[in-house]
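Chain and residue survey
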Amino acid sequence: MTAPAGPPVDDRLVSWWGSLERRSPESITTVVLHATEIPTLSEAWEYAERSADGKDDGTGVCGHLYVDRDGSCHRFVPLDRVAAHAAGHNTPSIGIELVNTGRHPDHFHSRSQVPTEDFPPEQTAALMALLTVLTETHPSLARLVRHSDLDRELIPASDDPEVLVRRRIDPGPRFPWAEVRRHWERLTA
């Protein structure tokens, strides 16, 4: 798939993207926003590559598009493929990952549940430009959600199994959700 006009998107496709199920643009109705909860874009790409190791189908976990802190946009999986980024919601959705440490490195530690890193203005601006392009190229898009809206599961904390923590909180409380949501509503009105 050719990158649409708008923010330049650098193809950094994972090696196993060709094994993913195809889908039509009309079937894509949702954008799911994530935080990588991994410190760098390179580490996120390496994680996606490693997540495929040893799996029968040779595919792993990753989003379609990644927006780095400087506003650069990268495609790990073509949009005409189903990527594994939000269990139970992958087929109709595009996963956008924002590079942000989140709860890294102790994701499930009971005292590590409040992220401290902000999302830079360049990253937020690039995300909104990307959303603009996506609504132009995928007219069936109707929903914008956060990963934490979809995955509300509680799991035992890594340091104390008596304490339950959220499995997914991303993109997290420091993400400018109100601003991005207003932009989305203007796009889809």
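All of the points below concern the structure found in this document. Each residue is numbered by its place in its chain's sequence as written, counting from 1. Note on the predicted model: pLDDT of at least 70 is required for a residue's local features to be given, and 80 or more for side-chain atom pairs to be given and counted; whole-chain, interface and lining totals, by contrast, use all residues. Where side-chain values are given, they derive from all heavy atoms of the structure, hydrogens and water being excluded.

What follows deals with helix α2 (residues 121-137). With 17 residues, α2 should cover 24 Å at 1.5 Å per step; its first-to-last C-alpha distance of 24 Å lies within 8% of that length. The complete set of buried residues in α2 reads Q123, T124, A126, L127, M128, L130, L131, V133, L134 and T135. Helix and strand definitions follow DSSP, with helices as H or I runs of at least four residues and strands as E runs of at least two, each counted in order from the N terminus. Each residue after the first adds 1.5 Å to the expected span of a helix. Three labels apply to residues, based on accessible area from a 1.4 Å probe with only protein chains included: buried if under 20% of the type maximum, exposed if over 50%, partly exposed otherwise in between.

Okay, the packing of aromatic side chains next. Ring pairs are drawn from Phe, Tyr and Trp, using the six-membered ring of Trp, whenever the two centres fall within 6.5 Å, and their geometry is named by plane angle: stacked under 30 degrees, edge-to-face over 60, tilted for the rest. A full pass over the atoms with the stated rule returns three aromatic pairs. Judged by centre distance (5.3 Å) and plane angle (80°), the ring pair of F119 and F175 falls under edge-to-face. Linking F119 in the loop between β5 (93-98) and α2 with F175 in the loop between β8 (164-166) and α4 (177-188), this pair joins segments that are 56 residues apart in sequence. Residue class for F175 comes out buried when judged on its relative accessible area of 6%. Taken together, the ring pairs connect F119, F175 and W177 into an aromatic cluster.

This paragraph deals with the environment of P161. Tracing the sequence through the fold places P161 in the loop between β7 (154-156) and β8. Given a relative accessible area of 58%, P161 falls into the exposed group. Separated by 52 residues in the primary sequence, P161 and H109 have C-alpha atoms spaced 9.9 Å apart.

So, about the nonpolar core. As a rule of thumb, nonpolar side chains are buried together in soluble globular proteins. With 25 residues, the main nonpolar core has L33 and I96 as its most contacted residues. Of all the secondary-structure elements, those providing two or more residues to this core are β2 (30-35), β3 (65-67), β5, α2 and α4. Counting residues per element, this core draws most heavily on α2, at six residues. Membership of the second largest hydrophobic core comes to 13 residues, among which are A48, F76, V77 and V99. To form a nonpolar core, buried Ala, Val, Leu, Ile, Met, Phe, Trp, Tyr and Cys residues must be joined to one another through side-chain atoms within 4.5 Å.

By definition, two strands form a pair when at least two bridges between them are found by DSSP. If you trace the six strands from one edge of the open sheet to the other, you get β1-β4-β3-β5-β2-β6, paired in mixed fashion. Strand pairing shows two members of the sheet lacking a second neighbour, β1 (9-11) and β6 (143-146), which therefore form its edges. Here the strands of the sheet are splayed against their neighbours by 25° on average, with no regard to which way each runs. Across four bridges, β2 lies against β6 in parallel orientation. Bridged to L33 within β6 is R146. Relative to β6, α4 is tilted by about 170°, and along the sheet it contacts β2 and β6. For helices, the fitted line uses only the C-alpha atoms of the stretch in contact; every axis is such a line through C-alpha atoms, and the angle between N-to-C directions lies from 0 to 180 degrees. Every residue pair with non-hydrogen atoms within 4.5 Å of one another is taken to be in contact.

This part is about the layout of surface pockets. One simple way to see leftover space: roll a probe sized like a water molecule over the atoms. Only protein atoms enter the calculation, which uses a 1 Å grid: trapped sets of points that fit a 1.4 Å probe without letting it out are cavities, open sets showing protein on both sides within 12 Å along at least five of seven lines are pockets, and any residue with an atom within 4 Å of a point is a lining residue. Grid points are joined across faces, edges and corners, and a volume is the space filled by probe spheres set on the points. Its volume calculated, the largest pocket comes out at about 450 Å³. Elements with a minimum of two residues in the lining of the largest pocket: β2 and α1 (41-51). Considering every element that reaches the lining of the largest pocket, the biggest residue donor is α1, with three residues. Residues are sorted three ways: Asp, Glu, Lys and Arg are charged, Ala, Val, Leu, Ile, Met, Phe, Trp, Tyr, Cys and Pro are nonpolar, and all the rest, Gly among them, are polar. Broken down by class, the residue content of the lining of the largest pocket amounts to twelve nonpolar, seven polar and five charged.

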